[in-house]
Amino acid sequence: MPAFQCPALPPASVAPSDEVYKSKPDISEAFKFIGGQRLPWAGETTEVTSPIVDSSTGKRTVIGRVAALQEADAVEAVEAAAKAWDRGQGCWPQSTLAERIAAVRRFVELLSP
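Since the model is a prediction, treat every value here as computed from it, not as a measurement.

### Considering the overall build of the chain
(1) Moving on: Assigned secondary structure in the chain consists of 4 helices and 5 strands.
(2) Moving on: For 113 residues, the compact-globule estimate of 2.2 N^0.38 gives 13 Å, and the chain exceeds it by more than 25% at 19 Å.
(3) Moving on: Its C-alpha atoms put the chain at 55 × 30 × 30 Å along the principal axes.
(4) Moving on: For the chain, the proportion of contacts with a sequence separation of at least 24, taken over those separated by at least 6, is 49%.
(5) Moving on: Of the roughly 8700 Å² of accessible surface on the chain, a fraction of 60% belongs to carbon and sulfur atoms.
(6) Moving on: When the 12 positive and 14 negative side-chain charges of the chain are each reduced to one mean point, those points stand 3 Å apart.

### Observations concerning helix α2 (residues 71–85)
(1) Moving on: If you check α2, its first and last C-alpha atoms are 21 Å apart, about what 15 residues at 1.5 Å a residue would give, namely 21 Å.
(2) Moving on: Once α2 ends, the next one or two residues include D86, with phi positive near 45°.

### With respect to the sheet that holds strand β1 (residues 13–14)
The strands making up a sheet associate through backbone hydrogen bonding, with each pair oriented either parallel or antiparallel.
(1) Moving on: Read across the open sheet, the 3 strands follow the order β1-β4-β5; overall the sheet is mixed. Every interior strand has two partners, whereas the edge strands, β1 and β5 (59–67), have only one.
(2) Moving on: For strand β4 (residues 45–54) and β5, the ladder comprises 7 bridges, and the chain directions are antiparallel. Bridge pairing in β5 places E47 opposite R65.

### Some thoughts on unusual backbone geometry
(1) Moving on: Positive phi outside glycine occurs at D86, with the angle close to 45°.
(2) Moving on: The residue D86 is located in the loop between α2 and α3 (91–94) in this model.
(3) Moving on: The class for D86 is partly exposed, based on a relative accessible area of 43%.
(4) Moving on: Although it is not a glycine, R87 adopts a positive phi angle of roughly 55°.

### Examining a nonpolar patch on the surface
(1) Moving on: Among the surface-exposed residues, W85, W92, V104, F107 and V108 lie close enough to one another that they form a single nonpolar patch of about 470 Å² accessible area.
(2) Moving on: The greatest single-element share of the nonpolar patch, amounting to 3 residues, is contributed by helix α4 (residues 97–111).
(3) Moving on: Among the structural elements, F107 can be located in helix α4.

### Focus on the confidence of the model for the chain
(1) Moving on: On average, residues of the chain score 85 in pLDDT, and 96% of them are at 70 or above.
(2) Moving on: Here helix α1 (residues 19–22) stands out as the least confident element of the chain, with mean pLDDT 79; α2 is the most confident, with 92.

Basis of the calculations
Residues numbered from 1 in each chain as written. Predicted model: local features only at pLDDT ≥ 70, side-chain atom pairs only at ≥ 80, totals over all residues. Heavy atoms only, no water. Helix = DSSP H or I, 4+ residues; strand = E, 2+ residues; numbered from the N terminus. Rg over C-alpha atoms; globule rule 2.2 N^0.38 Å. Contact = heavy atoms within 4.5 Å. Areas by Shrake-Rupley, 256 points an atom, 1.4 Å probe, with all protein chains shown as cover. Lys, Arg positive; Asp, Glu negative; His and termini not counted. Charge placed at Lys NZ, Arg CZ, Asp CG, Glu CD. Expected span 1.5 Å × (residues − 1). Pairing = 2+ DSSP bridges. Buried < 20%, exposed > 50% of the residue type's maximum accessible area, 1.4 Å probe, protein only. Patch = residues over 30% accessible without salt bridge, like charges linked within 9 Å, V, L, I, M, F, W, Y side chains within 5 Å. Salt bridge = Lys/Arg side-chain N within 4 Å of Asp/Glu carboxyl O. pLDDT = per-residue confidence, 0-100.

Structure (structure tokens):
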């Protein structure tokens, strides 16, 4: 499937020499998050791009790299989620709203570099 292009406007762009380019996010974090744990990653990574075009290359601006998880990683994540759900009797469905909010806040903390 070809990438969408607006017929009326050119893509937003920025040059590496522009001040705003220097403030772009950097999400070069290669790890996997499974079973409530942030685990190290030594495998392949995938580029993450912004919809903003780098005017010097004409390509989307690269803002980082993330772990390129494989089938075994996906199975591991699904198994961990199924264990946490435990047919509606696991720790997540039995948690109070306050406990869930605390868990999501902890998740965000674990994602921070």
